[in-house]
Amino acid sequence: MLTNLENSKIAIIGLGYVGLPLATAFAEKFKTIGYDINPQRVDELQKGHDRTLEVEDELLQRVLVKTSIELDEKGKGLLVTDAVGPISSANIYIVTVPTPTDKHNRPVLTPMLKASEMIGKLLKRGDVVIYESTVYPGVTEEECVPVLEKVSGLKFNEDFFAGYSPERINPGDKEHTVTKILKVTSGSTLEVADYVDQLYKSVITAGTHKASSIKVAEAAKVIENSQRDINIAFVNELSKIFNLLGIDTQEVLEAAGTKWNFLHFRPGLVGGHCIGVDPYYLAQKAQEVGYHPEIILAGRRLNDSMGKHVATEVIKLMMRKDLKVIDSNVLILGFTFKEDCPDVRNTRVIDIYQELKSFDMDVCVYDPWANSEEVKHEYGIEVINAGAKPVLEDYSAIILAVAHKEFKSLPIQKSENQVVFDVKGVLEKDKVDARL
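Reading the values: rules and limits
Along each chain, residue indices are assigned from 1 in the same order as the chain's sequence is written. A pLDDT threshold of at least 70 governs which residues receive local features in this predicted model, and a stricter bar of 80 or more applies before side-chain atom pairs are shown or counted, although totals over entire chains, interfaces and linings include all residues. Side-chain metrics in this entry use all non-hydrogen atoms of the structure; hydrogen atoms and water are not considered. The secondary structure listing takes helices from DSSP runs of H or I that are at least 4 residues long and strands from runs of E that are at least 2 residues long, numbered from the N terminus. Note that the radius of gyration is over C-alpha atoms, with the globule rule given as 2.2 Å times the number of residues to the power 0.38. Partly exposed residues are those whose accessible area sits between 20% and 50% of the maximum for their type, while under 20% is buried and over 50% is exposed, using a 1.4 Å probe and protein chains only. The contact criterion used throughout is that any non-hydrogen atoms of two residues lie within 4.5 Å. A positive count includes Lys and Arg, and a negative count includes Asp and Glu. His and the chain ends are not counted in either. Lys charges are placed at NZ, Arg charges at CZ, Asp charges at CG and Glu charges at CD. Domain start and stop positions are those given by an automatic or database domain assignment. Buried area, as used here, totals the accessible surface that two parts lose on assembly, with accessibility defined by a 1.4 Å probe and the loss added over both. Think of a salt bridge as a Lys or Arg side-chain nitrogen and an Asp or Glu carboxyl oxygen that are within 4 Å of each other. Polar contacts here mean pairs of N or O atoms no more than 3.5 Å apart (in protein, one a potential hydrogen donor and the other a potential acceptor; neighbouring residues in sequence count only if both atoms are side-chain atoms). Polar here means any residue outside two lists: the nonpolar Ala, Val, Leu, Ile, Met, Phe, Trp, Tyr, Cys and Pro, and the charged Asp, Glu, Lys and Arg; Gly therefore counts as polar. Two strands pair under a simple rule: DSSP has to find at least two bridges between them. The axes used here are C-alpha line fits, helices contributing only the stretch in contact, and every angle between their N-to-C directions lies in the interval 0 to 180 degrees. With a 1 Å grid laid over protein atoms only, a set of points is called a cavity when a 1.4 Å probe fits there but cannot get out and a pocket when it is open yet has protein on both sides within 12 Å along at least five of seven lines; lining residues have an atom within 4 Å of a point. Grid points are joined across faces, edges and corners, and a volume is the space filled by probe spheres set on the points. Handedness rule for crossovers: strands pointing away from the viewer, path from the first strand over the helix to the second running clockwise, crossover right-handed. Pairing of aromatic rings covers Phe, Tyr and Trp, the last counted by its six-membered ring, and requires centre-to-centre distances within 6.5 Å; plane angles under 30 degrees mean stacked, over 60 mean edge-to-face, and any other angle means tilted.

1. Regarding the overall build of the chain
- Of the regular secondary structure elements, the chain holds 14 helices and 14 strands.
- The C-alpha radius of gyration computed for the chain amounts to 24 Å, which stays within 12% of the reference 22 Å derived for 436 residues, consistent with globular compactness.
- Here the C-alpha coordinates of the chain stretch approximately 75 × 50 × 40 Å along the principal axes.
- Each of the 436 residues in the chain was classed as buried or not, and the buried ones make up 55%.
- Of all intrachain contacts in the chain linking residues separated by at least 6 positions in sequence, the fraction that spans at least 24 positions is 69%.
- A distance of 2 Å separates the average location of the 51 positive side-chain charges in the chain from that of its 64 negative side-chain charges.

Below, the structure written as structure tokens:
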């Protein structure tokens, strides 16, 4: 028996870029508990600050409550915790944990399965478990549900139910926030599908699209990012071709873009937790059923090669100017995976850095948005993000890798003694030696 929506208590498992915005949205109307395994993350959120900058401090502080008693008394709000106890009273569990790949680009479902195991210990009759993490078709019902059944001892679609509603968060985007993006929903039965759809519809002002099944919803999400990945790979390949032909890629795209049905994509590095990862999930499932996905994997290979390509082009330009390569000073502007955002997950700027270092170049990375401790922990390199800005004239090459707003006004200017490479195509053409 499903709980009436107005009596729902929602537990969000994972309070990162996806989970926290969703939790604050639900907290405006429902009793909501946000759970995360990272005590440091929980502590900062309890103090009313989100270092990912996805949720404004004013909103977070407005919905926060300190205890379960206060949550029940108010009838809505957000309790943030790293303890399992408080979430045991929930009747709706929403899983928003990461779905990464390993060093061989194989899907890693461990976070989802661990979350399912934890929830399984808490499941009660009538509870609904909804997954938002990006996966290949079949993961919810074929991988996660069996864990829920085994640990809880309850029977799927009789005692408890499942849903899938893929996240569509775009880190750093203040326009397309969680409530303003149309949400795909689905459920394990027709009744549950309606229930899940109504749940999200109560907070998503952009509306919802109810998919016919959980697998359809899973597939829809994974192809969204795969499609973008392939389109970016196409323009990345064009940039390599046009560079050899001595044609400016940006000018070609501007000209072609005057046609009404031209798709507007730009060359660049493809990182982050979605576009650079999700195609591998679809490819994995395709291979399991005996199909080798040629276009998807070709796009991935090409996009993954762009960091090395940028580094190689910079070295060629330095040699043409008769600038020393070994022991030269090079400045990389930006390290996050996208502009005006602190997210460094799966950033491909690291590929530029490592390739330059392989030529014994002295590489400095400056990024006012990146957390230097996080970069040091995840990538083992130092990033300047506070204090004095680097002196541009001290470097033989400058690579603008991320289009942070702070970089667009820097007095960057190519010269006989310096190479300027614009990965993002945001600087004026006469100020750079080359751009993608």
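2. So, the domain arrangement of the chain
- As assigned here, the chain comprises domain 1 (5-211) and domain 2 (227-435).
- Once you take the C-alpha centre of each, domain 1 and domain 2 turn out to be 34 Å apart.
- Between domain 1 and domain 2, the contact holds 22 residues from the first and 18 residues from the second.
- Interface of domain 1 and domain 2: buried area, both sides summed, is about 1600 Å²; carbon and sulfur atoms make up 60% of it.
- Ranking the residues of domain 1 by area buried against domain 2 places Y17, Y136 and P171 at the top, with a combined share of 30%.
- Scanning the region where domain 1 abuts domain 2 turns up one salt bridge.
- There are six residue pairs in polar contact (both at pLDDT 80 or more) connecting domain 1 and domain 2.
- Residue composition of the side of domain 1 that touches domain 2, by class: eleven nonpolar, seven polar and four charged.

3. Comments concerning the sheet that holds strand 14 (residues 434-435)
- The parallel open sheet is built from five strands, whose spatial order is 11-10-12-13-14. Two strands in the sheet have a free side with no partner beyond their single neighbour: strand 11 (362-366) and strand 14.
- Packed on one face of the sheet, helix 13 (residues 349-357) meets strand 10 (329-333), strand 11 and strand 12 (397-400) and runs near 175 degrees to strand 10.

4. Side note on empty space enclosed by the protein
- Considering all chains together, one arrives at two cavities of 30 Å³ or more under this definition.
- Computed from the structure, the largest cavity encloses a volume of approximately 80 Å³.
- Looking at the largest cavity, the residues that line it are L269, V270, G271, T336, F337, K338, T347, R348, V349, A401, V402 and K424.
- In this model, the second largest cavity occupies a volume close to 70 Å³.

5. What to know about the pairing of strand 6 (residues 128-131)
- Residue alternation in strand 6 divides its side chains into two sets, V128 and I130 and V129 and Y131, and both sets are buried.
- Relative to strand 6, strand 5 (residues 92-95) runs parallel, the two being bridged by four bridges. In the strand pairing of strand 6, V95 is matched with Y131.
- The handedness of the strand 5 to strand 6 crossover, carried by helix 5 (residues 110-120), is right-handed.
- As paired strands, strand 6 and strand 7 (residues 161-164) are joined by four bridges and run parallel to one another. Residue V128 lies in a different strand from strand 7, and its bridge partner there is F161.
- Following the chain from strand 6 across helix 6 (residues 139-152) to the adjacent parallel strand 7, one finds a crossover that is right-handed.

6. With respect to the packing of aromatic side chains
- Within this structure, the stated rule accounts for six aromatic pairs.
- Arranged with centres 5.2 Å apart and planes meeting at 80 degrees, the rings of F335 and Y379 form a pair that is edge-to-face. Of this pair, F335 sits in the loop between strand 10 and helix 13 while Y379 is found in helix 14 (residues 372-379), placing the two residues 44 residues apart along the sequence.
- A relative accessible area of 0% places F335 in the buried class.

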